[in-house]
Amino acid sequence: MQAPLSGIKVLELARILAGPWVGQLLADLGADVVKVERAGAGDDTRHWGPPFVEGVDGENLGAAYYHSCNRGKRCITADFETPEGQELVRKLAAHADVVIENFKVGGLKKYGLDYASLSAINPRLVYCSITGFGQDGPYAPRAGYDFLVQGMGGVMDLTGQPDGPPSKTGVAIADIFTGLYAANGIQAALLRRERTGEGAYIDCALLDAQVAVLGYQALNYMVSGKEPRRMGNGHPNIVPYDVFPVADGHIIIATGNDGQYRKLCEILGDSALGLDPNFALSKDRVINRVALTEKLQALTRRFTRADLLPRLDAAAVPAGPINGVKDVLKDPQVIARGMQLSLANPNAKSGATPGLRSAIVMDGQGMASDRPAPALGEHTDEILSDPAWGALSAKA
């Protein structure tokens, strides 16, 4: 299968997570992504360890964090503060279809690498800027960090136990959701360009993305006027939809309708509870969630995880375990779907670097580049002599 973005050239002037996440996804879909890094230090995340990937001679090949979001790319170095570095980026941009950058607002204008400057030499360019707060508004000049944005964007106030402090999520969802929105916007702009011949300027902000994914929690407030609060693992609109104790730990039970609730009560040995008028309908279960949850917890404690989960599965009652990352990677469904990657890398001590594929399967094929994250400046000569990027070394 020909990769869907084969032939698309992406120039990535981004570091940390949100911008590189965009580049990695586009590379997984077949784009040729050239990552430009600072000579010497490179992307900050190369040093965000331990753990670090170990080379054949024990050298440091970069932090696991860096490898998590830079698969599939080629790397060249440039110093944006020098005329030579600026000219190199301009020459590459002249041949690019897409530029991704995540500098502060106006940060690239002083180098002549902003959208206005680069689109003047390449009018078909799709230019994507990722910032903390967007290109306008009172917070536009501020630097954006995932942790801060999770707090400002409402998700921390919704995460955690009701009587506990607010909590961020275990992964950087503001960065990652911004990356996904940006990749979607870039591909939409490329489709529009096919019809109109025009490039585009895409403005993606971490705070916008975090607010956008508040979803039903925001709509609950807009409709009711009641601000949602932390509910632990509970759901504001569905009951039972929570973590429940069993004799040897905890499981998740996530019923979505009245029929599933009745089946759950039958399996737990209390059919009458499934017909109780205080709990029979979804709206009544939401209103009476505390009383119902206490009754269900008393019932689930009678079972072990290995006993209850198969019974619920057989009755099509949504339920499941709470896995650690180690358990996830050993899960037979995750294995069957090929989520874990081993990317051949002759520089790595093990001969490969690990990875996780994108969540896209097209025509039966998981979308993931087989190229490991690059060493700093690894492809400089290759890129400078590549005709697709103007064979710049031949013109020097």
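Worth saying up front: this structure is predicted, and the values here are computed from it rather than measured.

Draft legend 1. Structural detail: the environment of Gln217. Summarising the element assignment, Gln217 is placed in helix α8 (residues 215-224). Counting along the chain gives 109 residues from Gln217 to Leu108, while the straight-line C-alpha distance between them is 37 Å. The residues contacting Gln217, other than those within four sequence positions of it, are Leu158, Pro228 and Pro236.

Draft legend 2. How the structure looks around the pairing of strand β6 (residues 98-101). Along β6, one buried face is formed by Val98 and Ile100 and the opposite face, lined by Val99 and Glu101, is buried too. Taken together, the four bridges between strand β1 (residues 9-13) and β6 define a ladder with parallel strand orientation. Bridge pairing in β6 places Leu13 opposite Glu101. Sheet analysis places β6 next to strand β7 (residues 126-131), joined by four bridges and oriented parallel. Note that in β7 the partner of Glu101 across the bridge is Ser129. Between the parallel pair β6 and β7, the chain is carried across by helix α4 (residues 115-121), and the sense of this crossover is right-handed.

Draft legend 3. Representation of the sheet that holds strand β5 (residues 73-77) in the model. Read from one edge to the other, the open sheet built from six strands follows the order β5-β2-β1-β6-β7-β8, with strand pairing classed as parallel. For this open sheet the edge positions go to β5 and β8 (200-205), each flanked by a neighbour on one side alone. Neighbouring strand axes in the sheet, compared pairwise and without regard to direction, differ in orientation by 20 degrees on average. Against the sheet, helix α3 (residues 83-93) makes contact with β1, β2 (32-37), β5 and β6, and its axis sits at roughly 150 degrees relative to β1, the strand it touches most.

Each value, and the rule that gives it
Residues numbered from 1 in each chain as written. Predicted model: local features only at pLDDT ≥ 70, side-chain atom pairs only at ≥ 80, totals over all residues. Heavy atoms only, no water. Helix = DSSP H or I, 4+ residues; strand = E, 2+ residues; numbered from the N terminus. Contact = heavy atoms within 4.5 Å. Buried < 20%, exposed > 50% of the residue type's maximum accessible area, 1.4 Å probe, protein only. Pairing = 2+ DSSP bridges. Right-handed = clockwise from strand over helix to strand, strands pointing away. Axes fitted to C-alpha atoms, helices over the stretch in contact; angles between N-to-C directions.

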